Amino acid sequence: MKILYIAHCRCMYGANRALLALLENMRRRPGTELLVMLPAEIDGDFAEVLDERGIRYFVGVFHRWSDTAGKRLRRVKGIYRCLCNVWEIRTIGRRLQRENVDLIHSNSGTIQIGAMLAERYGVPHIWHVRELMEEHYHVENIYPRGVSRRLLQNSFAVIAISSAVANKITKKYPNVPIRIVGDGVEWKEEAEKNGNRDETLQAQFGNEKGIRFVCVGVLSEGKGQKDILKACALLHGAGTEEYRVHFIGAEGEAGCEKELLTYAEENGLRDNVRFWGYREDISALLPFMDVGITASHMEAFGLATAEYMLAGLPVLGSDSGATPELLEEGKSGFLFPYGDPEGLAQRMKYCIEHRDIVADMGSYARDSARKRFSVEKNADTVYEIYREALKA
């Protein structure tokens, strides 16, 4: 079985991290050959990671079917990109035929080139939709609706990583062959163990007094960091100071970090919040924390939420997107209404005042996450879909 995987970008964000975990598992299966197609862009280090792992890849020229174009330009752009991709698949298709590819797996809902290739050359197509485009990136599908419907319906399977994603797809495009398969999450247990002995991490996080909250994710309006700061301001106003919130993530929207820092300064939160920027040592860092916070508008799955749980942290999560699918209320965390800093502040205060209960919830979250977010279980399910596709 030779599988062509198509990545939508070269950055090592959630979609490509999940793809890498899938690739590592699939390559160990007898009779399975892997090939990855990367887009022709320069940003990101996915190519270097594939080189390090010894996974073959090539670069293909193609256009995404998502864009932020206004209504007047959307149709024009959609038709233009569709025609460009029709032209480009001839070049990519020759590579496809030389490699004798048996199946195509597209790793994102923002790209359609895999569905077009599969349709043109008569191989099964698996479409792995990992995002809520409008809510995540403020972009929409700009292809003609009829073309989009046909490509989705003609795929052997459209894998949605959560019910939230599946519902969004089927509402717009009925009769799509949808399968819901939650992501497998690769957790570096060795890094976690080494982190506990790391003197730098011990100095940064090990000696803090009070409870430690953490929020991992790019700094942007949709991730809800401003709501977390507003909740902190409410706690500050009520005289609750026995905590600190650590924000881990690079700036995702221009000016967002400055806005957050200014708000924290103006509301007397200097001692209660820290911004660390992007860090690669998440697996080693999270065990130093006590509670994870997911305040996002719409998570398609919630990689950070799963990583909190794997690290033994209960989670305070907004009640939108897929977050309610991951949390068990009162067992692995608490939900709060999205965009409600007061509701979040109440749950933060509960955690501050009930640290023994928080620790018990963290243990439950870890046990639950190891069963639910297994990379092996995820790969087994996807592999069975491959086998079904090839038999059909």
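Residues numbered from 1 in each chain as written. Predicted model: local features only at pLDDT ≥ 70, side-chain atom pairs only at ≥ 80, totals over all residues. Heavy atoms only, no water.

Trainee: Is there a simple way to explain the overall build of the chain in this structure?
Mentor: Assigned secondary structure in the chain consists of 17 helices and 15 strands. For the chain, the share of sequence-separated contacts (at least 6 apart) that also reach a separation of at least 24 residues comes to 71%. (Helix = DSSP H or I, 4+ residues; strand = E, 2+ residues; numbered from the N terminus. Contact = heavy atoms within 4.5 Å.)

Trainee: Where do I start with unusual backbone geometry in this structure?
Mentor: Note on backbone geometry: most residues besides glycine have negative phi, and most peptide bonds are trans. Its identity as a non-glycine residue notwithstanding, Asn-100 has a phi of 55 degrees, on the positive side. When you line up the elements, Asn-100 lands in the loop between α3 (71-99) and β5 (103-106). At Asn-175, a residue that is not glycine, the phi angle is positive and equals roughly 65 degrees. Relative to the elements of secondary structure, Asn-175 occurs in the loop between α7 (163-172) and β9 (178-180).

Trainee: Looking at this structure, I do not really get the sheet that holds β9. What am I missing?
Mentor: In sheet architecture, strand pairing relies on hydrogen bonds along the backbone and comes in two forms, parallel and antiparallel. Reading across from one edge, β3-β2-β1-β5-β6-β8-β9 is the order of the 7 strands in this open sheet, with parallel pairing throughout. The open sheet has two edge strands, β3 (57-60) and β9, and neither has a second partner. Pairs of neighbouring strands in the sheet enclose a mean axial angle of 25 degrees, with direction left out of account. In the packing of helix α4 (residues 113-121) onto the sheet, contacts are made with β1 (2-6), β2 (33-39), β5 and β6 (125-129), and the angle to β5 comes to roughly 165 degrees. Sheet strands in contact with α7 are β6, β8 (157-160) and β9, and its direction is about 165 degrees off that of β9. (Pairing = 2+ DSSP bridges. Axes fitted to C-alpha atoms, helices over the stretch in contact; angles between N-to-C directions.)

Trainee: Which parts of the structure should I look at to understand the pattern of salt bridges?
Mentor: Pairing between side chains becomes possible if they bear opposite charge and their charged atoms approach one another. For the coordinates displayed, the defined rule picks out 17 salt bridges. Between Arg-150 and Glu-119 there is a salt bridge, with its nearest N and O atoms 2.8 Å apart. Placement of the pair is Arg-150 in helix α6 (residues 145-154) and Glu-119 in helix α4, with a sequence separation of 31 residues. Taking relative accessible area as the criterion, Arg-150 reaches 36% and is therefore assigned partly exposed. (Salt bridge = Lys/Arg side-chain N within 4 Å of Asp/Glu carboxyl O. Buried < 20%, exposed > 50% of the residue type's maximum accessible area, 1.4 Å probe, protein only.)

Trainee: What should I look at first to understand helix α2 (residues 46-53) in this one?
Mentor: Side chains of residues three or four places apart in an α-helix project in the same direction, reflecting 3.6 residues per turn. The complete set of buried residues in α2 reads Phe-46, Ala-47, Val-49 and Leu-50. Taken end-on, α2 shows its buried residues confined to a sector of 160 degrees, consistent with a single buried face. Away from its buried face, by an angle of more than 90 degrees, α2 presents the exposed residues Asp-51 and Glu-52. On its buried side, α2 packs onto α1 (14-26), β2 and β3. One or two positions beyond α2, positive phi appears at Gly-54, with a value near 70 degrees. (Arc of directions from axis to C-beta.)

Trainee: How should I be thinking about a positive patch on the surface in this particular structure?
Mentor: A cluster of like positive charges, contributed by Arg-90, Arg-94, Arg-98 and Arg-120, occupies part of the molecular surface. Among the elements that make up the positive patch, the one with the highest residue count is α3 (3 residues). With respect to the element layout, Arg-98 can be found in helix α3. The exposed category is assigned to Arg-98, whose relative accessible area is 61%. (Patch = residues over 30% accessible without salt bridge, like charges linked within 9 Å, V, L, I, M, F, W, Y side chains within 5 Å. Areas by Shrake-Rupley, 256 points an atom, 1.4 Å probe, with all protein chains shown as cover. Lys, Arg positive; Asp, Glu negative; His and termini not counted. Charge placed at Lys NZ, Arg CZ, Asp CG, Glu CD.)

Trainee: Please clarify how the sheet that holds strand β13 (residues 291-294) should be interpreted in this entry.
Mentor: Across the sheet, 6 strands lie side by side as β12-β11-β10-β13-β14-β15; this open sheet has parallel pairing. Two strands bound the open sheet, and with one partner strand each, they are β12 (273-275) and β15 (333-336). On average, each strand axis in the sheet is tilted by 20 degrees relative to the strand beside it, whichever way the strands run. Two elements, strand β11 (residues 243-248) and β12, share 3 bridges in a ladder whose sense is parallel. Paired with Phe-247 across the two strands is Phe-275, which belongs to β12. Along the sheet, helix α15 (residues 341-353) contacts β10 (211-216), β11, β13, β14 (315-318) and β15; its crossing angle with β15, the most-contacted strand, is approximately 160 degrees.

Trainee: Would you mind going over the packing of helix α13 (residues 303-310) against helix α16 (residues 355-372) with me for this structure?
Mentor: Axis angle and axis distance: for two packed helices, these are the angle between their axes and the distance between the axes, and together they describe the pair. Remark: α13 packs on α16, axes separated minimally by 7 Å, with the N-to-C direction vectors making an angle of 120 degrees. With respect to each other, α13 and α16 are oriented oblique. Each of Ala-306, Met-309 and Leu-310 in α13 lies in contact with α16, whose residues at this interface are Ala-365, Arg-366, Ser-368, Ala-369, Arg-370 and Arg-372. (Parallel < 35°, antiparallel > 145°, perpendicular 65-115°, else oblique.)

Trainee: Just to check I follow, could you spell out the pairing of β11 for this structure?
Mentor: The side chains of a regular strand alternate, first on one face of the sheet and then on the other. For β11, the buried fraction is high: 5 of the 6 residues fall into the buried class. Relative to β11, β10 is paired through 6 bridges, and the arrangement is parallel. Directly across from Val-214, in β11, lies its bridge partner His-246. Between the parallel pair β11 and β12, the chain is carried across by helix α11 (residues 256-266), and the sense of this crossover is right-handed. (Right-handed = clockwise from strand over helix to strand, strands pointing away.)

Trainee: Quick question: what am I supposed to make of the nonpolar core here?
Mentor: The nonpolar side chains of a soluble globular protein tend to be buried with one another. In terms of nonpolar packing, the biggest core is built from 93 residues, with Phe-213, Tyr-243 and Met-348 touching the most fellow members. Considering each element in turn, this core owes the most residues, 6 residues, to helix α10 (residues 225-237). Discounting chain neighbours no more than four positions away, the residues touching Tyr-243 are Gly-210, Ile-211, Phe-213, Cys-232, Leu-235, Leu-269, Asn-272, Met-348 and Ile-352. Counting 27 residues, the second-largest nonpolar core is a separate cluster that includes Ile-55, Leu-103, Ile-126 and Val-181. (Core = buried A, V, L, I, M, F, W, Y, C linked by side-chain atoms within 4.5 Å.)

Trainee: Please explain a negative patch on the surface as it appears in this structure.
Mentor: Together, Asp-45, Glu-48, Asp-51, Glu-52 and Glu-280 make up a region of like negative charge exposed at the surface. Checked against the element boundaries, Asp-51 lands in helix α2.

Trainee: Any chance you could explain the pairing of β6 here in plain terms?
Mentor: The buried fraction of β6 is high, at 5 of 5 residues. Once the chain exits β5 it traverses α4 before rejoining the sheet at β6, and the crossover so formed is right-handed. With 4 bridges connecting them, β6 and β8 associate as parallel partners. Paired with Val-129 across the strands is Ala-160, a residue of β8.

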